[in-house]
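Chain and residue survey
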Amino acid sequence: MCGCSALVAGGRLPTPSIPRRLRRRRRGISVRAEASPGGDSQLKKVAVVGAGWAGLATAHHLVKQGYDVTLLAAENGPTEEVGLRGFWNPYRNIFALVDELGISPFTGWNKAAYYSPEGLAVEFPIFHNQPRLLAPFGVFAYPEFPNLPLIDRLTSIPVIAAVIDFDNTDTAWRKYDAMTARELFKMYGCSQRLYKEVFEPAIQAALFAPGEQCSAAATLGMLYYYMLSHQENSDFLLCRGEVEEKIFSPWLKSLEMEGLKFVANKAPSSFTVDTDSGCISSIVCGDEIYMADAFVSATGLSSLQSIVKNSPFLWSHREFADLLHLSTIDVISVKLWFDKKIMIPKVANVCSGFDDSSGWTFFDLTSIYDDYYGEPITVVEAEFYNASQLVPLDDDDIVSEASLHLIKCIQDFEGATVIQKSVRRSPKSVINFLPGSYKYTPRGSTSFPNLFIAGDWIVNRHGSFSKEKAYVTGLEAANRVVDYFGTGDFAKIIAVEGDEPHIETLRNLSRRANELKSQIPLSEFFLQ
């Protein structure tokens, strides 16, 4: 049994130790964050690795519960995880956090558009302003499809059967994770144009890869959360500046005032383990070793994979060995300043079909960011997903590629000159939800009793995606720490809005049908 568990029974936590062989091998600094002067020397010490939505959420709750928390960031300050842009209607926990912080970082609800190489494909309204229809009919009835015939749109109806069947349970994930998104839509008779102009762009913008590279399970979960569960869920707000400035900076300051220790520029390289207790004893960041009583890994997948590769003792634990089966995706962000005002009909735009493997989005920052209000220029940020072919290019070539793509969508870009640019490469920054990846994806707890995982890429049952999921898993990790030590209150996590009554009824019927089907003799004999 891990010595840390003595706290649950009222005992005192033994001090974790670093194996002597590690001390001899390293000439670096061994750090154990001490309690603040005048504080309680018995405070439980928690090291949180990763300062995005997940890591900040964990630190946020644990600091409030009286834990001595050290937050390790790989960069100068907190950095938002690469993910779907915007703050969508179902991000109820993040909206509650913003209210708690007393800040106002958001625009109002925004309209969006989809573009294909042929031009404008779909225009989305603000669904809050429309009479509410039964899900999922509002999301198909209210958008404008300039070139998509009604017969194509009607082929979406059979897909609703799969949406009903997929109820976010482990059984549903395993059932649909074996096929690609493209295979799913083909099986249910979706038209070629509907798939290419509506579903494929949504998949590429939210899951960062084309449908033939995405699990049908991840696709159904994403589509239901953002589009099909409730009409208003397709509406989104945008941050009126960089998230790091508008949200993370005041959030971090408030946490530091409550005792959080923030340490910048500390990328983790490995964990060490106390072989006597079976607990993680420290995390190594370059030449420094941070010791604590519990640890939360709130990094992206690729960072944790690197830690696993550098920590041989982790290889014998299946959940960590399985991580090496998972794949990641490259993302490139290009921010461009143009020398004149360009009329961009919608502030948020999703583009697909410009090449075979990557999708991209672009945002009119001139209409979004406070800093650009009234300026006689146009500032646009484009993000390219599954962009491995762009990563090796120099900045000028990437900017040229981005400009050509923008001209294909909005002709006015052709006469504009780029006067300033910023290119950010994020290699291996998001998980690739490949078919078959679900069984290798970890949960929030691990086989080490004092090590927990958070992030938008792990498995949980909340039902959210992207930054809301990252934030929720951070709170879940904090709750696991509270449960582990038996000290403090659990964080309150707001559930996603429940199914509408007709969806709930249909899902109950679907579950019953599946139960009856499983009782048929030889039902398990045939390939499912």
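The structure displayed is predicted, hence computed values, not measured ones.

1. As for the sheet that holds strand β18 (residues 451-453)
Strand order in this open sheet of five strands is β8-β3-β2-β12-β18, and the pairing throughout is parallel. Looking at which strands have only one partner, the edges of the open sheet turn out to be β8 (261-263) and β18. On average, each strand axis in the sheet is tilted by 20 degrees relative to the strand beside it, whichever way the strands run. Both strand β3 (residues 68-72) and β8 contribute to a ladder of three bridges, which runs parallel. For Leu71, the partnering residue across the bridge sits in β8 and is Phe262.

2. Some points on the pairing of strand β12 (residues 294-297)
Every other side chain in a regular strand lies on the same face of the sheet, so the side chains alternate between the two faces. Going residue by residue along β12, you find Ala294 and Val296 tucked away on one face and Phe295 and Ser297 tucked away on the opposite face as well. In this structure, β12 lies alongside β18, joined through three bridges in parallel fashion. Residue pairing across strands places Phe295 opposite Leu451, the latter belonging to β18.

3. Re the packing of aromatic side chains
One pass over the full model with this rule turns up 34 aromatic pairs. Geometrically, the ring pair formed by Trp53 and Phe248 is edge-to-face, given 4.9 Å between the ring centres and 70 degrees between the ring planes. Here the residue Trp53 occupies a position in helix α2 (residues 53-64), and Phe248 occupies one in helix α11 (residues 243-257), the gap between them amounting to 195 residues. Like Phe248, Trp53 is buried. Ring geometry for Phe313 and Phe448: centres 5.9 Å apart, planes at 90 degrees, overall edge-to-face.

4. Description of the pattern of salt bridges
Under the defined criterion, the tally for this structure stands at 26 salt bridges. Linking Asp165 and Lys175 is a salt bridge whose minimum nitrogen-to-oxygen distance equals 2.5 Å. Of this pair, Asp165 sits in helix α6 (residues 159-165) while Lys175 sits in helix α7 (residues 170-176); the two residues are ten residues apart in sequence, bridging distant segments of the chain. Residue class for Asp165 comes out buried when judged on its relative accessible area of 12%. The salt bridge partner of Arg240 is Asp370, with a shortest N-O separation of 3.0 Å.

5. Section: the UniProt feature "domain: FAD dependent oxidoreductase" (unreviewed entry) in the protein
Taking the UniProt record as the reference, the feature "domain: FAD dependent oxidoreductase" (unreviewed entry) is found at residues 45-78. Between the C-alpha atoms that bound residues 45-78 there is a distance of 20 Å. The span itself is 35% helix and 29% strand.

6. Description of the sheet that holds strand β14 (residues 348-351)
Pairing within the open sheet is mixed, and its seven strands lie in the order β6-β5-β14-β15-β16-β13-β17. With partners counted over all chains shown, the strands left at the sheet margins are β6 (119-124) and β17 (418-432), one partner each. For this sheet, the mean inter-axis angle between neighbouring strands, taken without regard to orientation, is 20 degrees. In terms of strand pairing, strand β5 (residues 112-116) meets β6 through five bridges, oriented antiparallel. Bridge pairing in β6 places Ala113 opposite Glu123. Of the strands in this sheet, β5, β6, β13 (327-338), β14, β15 (360-364), β16 (378-385) and β17 are in contact with helix α9 (residues 192-207), which crosses β5 at around 110 degrees.

7. Some details on the packing of α2 against α11
Geometrically, a packed helix pair is captured by the angle between its two axes and the distance between the axes. Between α2 and α11, the least distance of the axes is 10 Å, while the angle of their chain directions is 25 degrees. Between α2 and α11, the crossing angle belongs to the class labelled roughly parallel. Taken as a pair, α2 and α11 cross one another with a handedness that is left-handed. Contacts between α2 and α11 involve Trp53, Leu56, Ala57, His60 and Val63 from the first element and Val243, Ile247, Phe248, Trp251 and Leu255 from the second.

Rules used throughout
Residues numbered from 1 in each chain as written. Predicted model: local features only at pLDDT ≥ 70, side-chain atom pairs only at ≥ 80, totals over all residues. Heavy atoms only, no water. Pairing = 2+ DSSP bridges. Helix = DSSP H or I, 4+ residues; strand = E, 2+ residues; numbered from the N terminus. Axes fitted to C-alpha atoms, helices over the stretch in contact; angles between N-to-C directions. Buried < 20%, exposed > 50% of the residue type's maximum accessible area, 1.4 Å probe, protein only. Phe/Tyr/Trp six-rings, centres within 6.5 Å; stacked < 30°, edge-to-face > 60°. Salt bridge = Lys/Arg side-chain N within 4 Å of Asp/Glu carboxyl O. UniProt positions renumbered as here; feature names shortened; annotations may be inferred. Contact = heavy atoms within 4.5 Å. Parallel < 35°, antiparallel > 145°, perpendicular 65-115°, else oblique. Left-handed = near helix turned anticlockwise from the far one by under 90°.

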